[in-house]
Amino acid sequence: MPDVLVAGAGPTGLLAAFELERAGLDVLVLERDAQPTTQSKALGLQPRSVEVLAERGLLAAIEPHVQVRLPAGHFSGLPIGYTDLPTRFPYQLGVEQAHVAAAIEARLRTPVLRDAAVTAVAQDDDGVTVTAGGRDHRAGWLVAADGGHSTVRTLLGAAFPGTSARISLVVADVTLAAKPTGLADGWQLPSQASGYLLPLSGGRYRTVVFGEEQQRLGRDEPVTADEVQRALTAAHGPGIEVGEVLWASRFGDAARQLEHYRHSRVLFAGDAAHIHLPVGGQGLNLGLQDAVNLGWKLAAQVRGHAPDGLLDSYHDERHPVAARVLLSTRAQAVLGVPDPDAAAVREIVTGLLAVPEARHAVALEISGIGLTYPGVSARADVPAAADGRAVLAGAALPDGWADRVETRAGAEPQLVRPDGYVVWSGGPGLEDALHTWLGQPTTAALLA
Ligand SMILES: Cc1cc2nc3c(=O)[nH]c(=O)nc-3n(C[C@H](O)[C@H](O)[C@H](O)COP(=O)(O)OP(=O)(O)OC[C@H]3O[C@@H](n4cnc5c(N)ncnc54)[C@H](O)[C@@H]3O)c2cc1C
C-alpha cells in the first residue's frame, strides 16, 4: 500500500509525487488520461519555478526544450523587467508545460497509473480509499492535484468561493496555410493581457481569441477550425489562413479558491485549489510552489515526526499566496478591457510602473522571487538535499537531527527548510528553529 496517492499527473501532482518520493515515501499517481499530454496550456516558467527545478536537478532535462529566455514578465501586457531580480535566473524560460511535466515524470520511482480517473473518495481515521479506473486504491493520504475542474473537490463538496467567468476565451494551437505580413517568426511568450497570435516551434502558432462569438458559445461547445479562422480574420485581416487546429480549448476569467486546502486526509494543490485568468503567467508557478511547500510537510507527517501544526501550515502559508495571485489577475483582467475607463486606469498604471521601485515590487511578486512566509527570513536557492532533508550550512548540527538535516560547509550559517526557505541564519535560536520546523530530535541518537 502506498503512503500517499496523488490524483492528477499535471505539473503540480507530478512535482508533489517527486517531493514525497525524494523524502522516501511510496507514492502512486492516478491519472485520468491514457497518455501523457503533448498539449501545453502554459508556455513559460517564472524565475522562482526555475530555481526550484534547478535545486532539485530537474532543470537539465527541461533545458533542451527551452525556446527563449525572456528577461521580463508582464502585468496585463505591461512589460516588467526581471534583470535586477536577486536570482541566478532573472528571466522567464519559454518552454511548453508538457516538457516540464515530462521531465518530472521521468524521475518518478513508481510509474504514473494512467487510464485511472478518480471517481470516488472515502476517508476514515486511518486513511483514504480512492476509486480510480474502476479499482480501489488505499493509502494514508491523498493529494488532490486533478486540475481546475477537480473531481475530488466535487466529490468532497469542498467550498470553492469566488467570482464566476464573465468573459470566455479560446486558446488554440494551429498551423497557418497563409500568414499575415509582419507576424514575428521567433518563439515568443505572450505579453498581451489576452488576445494574441504567437509563433511556437515546429511551424505551430498559439492563439488566444475572445470575440463576440466566443461570448455567445457555451463553455462545452467544441472549438471548430471555422471559429478560429473567423476570429483570426477579424484580428489580422483576410491574409491569414488556418491550416490545421492541433489543439483548442475554452477558458474563462472565473477566480475561485478553496476555503480550506486540507480536508482531513485530503490535501489540495495547484489548479484544484485555485483558478484564475492565466494572465501574467502565474498559474503553473503557483502549482509548483504548492507542491514543494506540501511535499516535505506531508512526508514529515507520514513519518511521524511532524511538529504540531506543520501540515496545517501548508494551508496557512499557501492560501494567502494564491489569494494574492487571484487579486492580481482580476486587476490585470480589468486593465485589459477595451473601454475608455479601463484605458485611463491602464495609462495611470503604466506611469506608475515606470517608477523603478514600483516596477521592482511587481517583478518580485510576479516572478515569485519576493515570496516569503511568516517565520521565514529569506529564500535560499541552494541545492536541495537529494533525500528531502533540510540543509544546515556553516554551523554544527546538534545531536539527534541527522536523519532530518544534511550538513554542509559554508561561510554563511543558515538552516534551510526542504522547500528552500531560510528559518535560521546565525546567532541564537538554532535549536528553536529545528524544533519549530522539524519536530523532536531522534531519542535513540540522544541516548547513544
Ligand atoms: C490558455 C492557458 C494559458 C496558460 N498559460 C500559463 C502560463 O504561461 N504560465 C503559467 O504559469 N500558467 C499558465 N496557465 C495555467 C497553468 O497551465 C495551470 O495553472 C497548470 O496547468 C496547473 O497545473 P496542475 O497540475 O495544477 O493542473 P493541470 O495541468 O490541469 O493537471 C491536472 C491533471 O489531472 C488530471 N485529472 C483531471 N481529472 C482527473 C481525475 N478525475 N482523476 C485523475 N486525474 C484527473 C488531468 O488529466 C491532468 O493531467 C495557463 C492556462 C491556460 C488555460
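In this text, all values refer to a predicted model and were calculated from it rather than measured experimentally.

J.: Where do I start with the pairing of strand β5 (residues 72–75) in this structure?
T.: Judged by which residues are buried, β5 turns out to be covered on both faces: Ala 72 and His 74 on one side and Gly 73 and Phe 75 on the other are all buried. With four bridges connecting them, β5 and strand β6 (residues 78–81) associate as antiparallel partners. Its bridge partner lying in β6, Gly 73 is registered against Ile 80. Between β5 and β6, which pair antiparallel and follow one another directly, the connecting turn spans two residues, one of which, Ser 76, has a positive phi of 55 degrees.

J.: What should I look at first to understand helix α1 (residues 11–22) in this one?
T.: Between its first and last C-alpha atoms α1 spans 16 Å; for twelve residues at 1.5 Å apiece the expected length is 16 Å, and the two agree. Counting buried positions over the twelve residues of α1 gives twelve, a clear majority of the element. When α1 is considered as a whole, its buried residues turn out to be Pro 11, Thr 12, Gly 13, Leu 14, Leu 15, Ala 16, Ala 17, Phe 18, Glu 19, Leu 20, Glu 21 and Arg 22. Those residues of α1 hidden inside the fold are in contact with β1 (4–7), β2 (27–30), α2 (47–55), α4 (97–105), β11 (141–144) and α8 (283–303). The first or second residue beyond α1 is Gly 24, which carries a positive phi of 95 degrees.

J.: Got a minute to help me understand helix α11 (residues 356–367) in this structure?
T.: In an α-helix there are 3.6 residues to a turn, and that puts residues three or four apart on one side. An ideal rise of 1.5 Å per residue puts 16 Å on twelve residues; α11 measures up with 16 Å between its terminal C-alpha atoms. For α11, every residue scored as buried is listed here: Arg 359, Val 362, Ala 363, Ile 366 and Ser 367. The arc that holds the buried residues of α11, viewed along the axis, is 115 degrees, so those residues lie on one side. Buried residues along α11 sit against α2, β5, β6, α8, α9 (312–335) and α10 (340–353). Remark: Gly 368 follows α11 within two positions and exhibits a positive phi of approximately 85 degrees.

J.: Honestly, the environment of Val 128 in this entry has me stumped. Any pointers?
T.: Among the structural elements, Val 128 can be located in strand β9 (residues 128–132). Taking the C-alpha atoms as reference, Val 128 lies 5.9 Å from Trp 141; in sequence the two are 13 residues apart. Each residue touching Val 128, except ones within four places of it in the same chain, is listed here: Val 121, Ala 122, Gln 123, His 137, Arg 138, Ala 139, Gly 140, Trp 141, Leu 142 and Arg 265.

J.: Mind showing me how you'd approach unusual backbone geometry here?
T.: Leaving glycine aside, a negative phi is the common case for residues, and trans is the common case for peptide bonds. Its identity as a non-glycine residue notwithstanding, Ser 76 has a phi of 55 degrees, on the positive side. Turning to its location among the elements, Ser 76 is positioned in the loop between β5 and β6. Looking at Ser 76, the relative accessible area reads 0%, which means it is buried. Of note in the backbone geometry, Asp 381 takes a positive phi value of approximately 50 degrees without being a glycine. Structurally, the position occupied by Asp 381 is in the loop between β21 (378–379) and β22 (390–393). A residue is classified by how much of its surface remains accessible, and Asp 381, at 15% relative accessible area, is buried.

J.: Help me understand empty space enclosed by the protein, please; the structure alone is not making it clear to me.
T.: If you roll a probe as big as a water molecule over the atoms, it shows you where there is empty space left. In the structure shown here, the tally under the stated rule is three cavities of 30 Å³ or more. Of the volumes computed, that of the largest cavity is approximately 60 Å³. In terms of lining residues, the largest cavity is bounded by 14 residues, among which Ala 384, Val 416, Arg 417, Pro 418 and Gly 420 are the most central. Classifying every residue of the lining of the largest cavity by side-chain character gives eight nonpolar, one polar and five charged.

J.: What am I meant to see in the site of the ligand here?
T.: Taken together, 31 residues lie near the ligand, and Glu 31, Gln 97, Val 118, Asp 271 and Leu 284 sit nearest. Here an oxygen atom of the ligand sits 3.3 Å away from a polar atom, N or O, in the main chain of Gly 281. In this structure, Leu 284 approaches the ligand through a main-chain N or O atom, which is 2.8 Å from an oxygen atom. Contributing elements (two or more residues each) for the shell around the ligand: α1 and α8.

J.: Just checking my understanding: could you explain the sheet that holds β22 for this structure?
T.: Pairing between the strands of a sheet comes from backbone hydrogen bonds, and it takes one of two forms, parallel or antiparallel. Pairing is mixed in the open sheet, where five strands are placed in the order β21-β25-β24-β22-β23. Of all the strands in the sheet, just β21 and β23 (405–408) have a single pairing partner and so form its edges. With three bridges joining them, β22 and strand β24 (residues 414–416) adopt antiparallel strand pairing. Note on β24: the bridge partner recorded for Ala 393 is Gln 414. Packing of helix α12 (residues 430–438) onto the sheet brings it into contact with β22, β23, β24 and β25 (421–424), and relative to β25 it is tilted by some 130 degrees.

J.: Got a minute to help me understand the packing of α1 against α8 in this structure?
T.: To characterise two packed helices, one gives the angle between the axes of the helices and the distance between these axes. Between α1 and α8, the least distance of the axes is 8 Å, while the angle of their chain directions is 25 degrees. With respect to α8, the element α1 is oriented roughly parallel. Every pair of crossing elements has a handedness; the one defined by α1 and α8 is right-handed. Note on element contacts: α8 touches α1 through Leu 284, Gly 287, Leu 288, Ala 291, Val 292, Gly 295, Leu 298 and Ala 299, opposite Pro 11, Thr 12, Leu 15, Ala 16, Glu 19 and Leu 20. Grouping the amino acids of the contact of α1 with α8 by side-chain chemistry returns ten nonpolar, three polar and one charged.

J.: What is the right way to look at the domain arrangement of the protein in this model?
T.: Bring the parts together and some accessible area is lost; that lost area is often taken as the interface size. In terms of domains, the protein is made up of domain 1 (4–162 + 256–367), domain 2 (168–252) and domain 3 (378–447). A separation of 50 Å is found between the C-alpha centroids of domain 2 and domain 3.

J.: I'm lost on the packing of aromatic side chains in this one. Help?
T.: Ring pairs (aromatic) are described by centroid distance and by the angle formed between their planes. Per the counting criterion, the structure on display carries four aromatic pairs. An angle of 85 degrees between the planes, with centres 6.3 Å apart, marks the rings of Phe 89 and Tyr 91 as edge-to-face. Classification of Phe 89 by relative accessible area gives buried; the value is 9%. Where Tyr 261 meets Tyr 314, the ring centres are 5.7 Å apart and the plane angle is 50 degrees; that geometry is what we call tilted. Residue Tyr 261 is found in the loop between β17 (255–257) and β18 (262–263), and its partner Tyr 314 is found in helix α9; the two are separated by 53 residues along the sequence. If you follow Arg 417 out to its NZ or CZ, it ends over the ring of Trp 437, 4.7 Å from the centre.

Thresholds, definitions, all that
- Residues numbered from 1 in each chain as written.
- Predicted model: local features only at pLDDT ≥ 70, side-chain atom pairs only at ≥ 80, totals over all residues.
- Heavy atoms only, no water.
- Buried < 20%, exposed > 50% of the residue type's maximum accessible area, 1.4 Å probe, protein only.
- Helix = DSSP H or I, 4+ residues; strand = E, 2+ residues; numbered from the N terminus.
- Pairing = 2+ DSSP bridges.
- Expected span 1.5 Å × (residues − 1).
- Contact = heavy atoms within 4.5 Å.
- Arc of directions from axis to C-beta.
- 1 Å grid on protein atoms, 1.4 Å probe; cavity = no way out; pocket = protein on both sides within 12 Å on 5 of 7 lines; lining within 4 Å.
- Points joined across faces, edges and corners; volume = space filled by probe spheres on them.
- Nonpolar A, V, L, I, M, F, W, Y, C, P; charged D, E, K, R; others polar.
- Near = heavy atom within 4 Å.
- Polar contact = N/O pair within 3.5 Å; in protein donor to acceptor, adjacent residues only side chain to side chain.
- Axes fitted to C-alpha atoms, helices over the stretch in contact; angles between N-to-C directions.
- Parallel < 35°, antiparallel > 145°, perpendicular 65-115°, else oblique.
- Left-handed = near helix turned anticlockwise from the far one by under 90°.
- Domains from an automatic or database assignment.
- Phe/Tyr/Trp six-rings, centres within 6.5 Å; stacked < 30°, edge-to-face > 60°.
- Lys NZ or Arg CZ within 6 Å of the ring centre and 35° of its normal.

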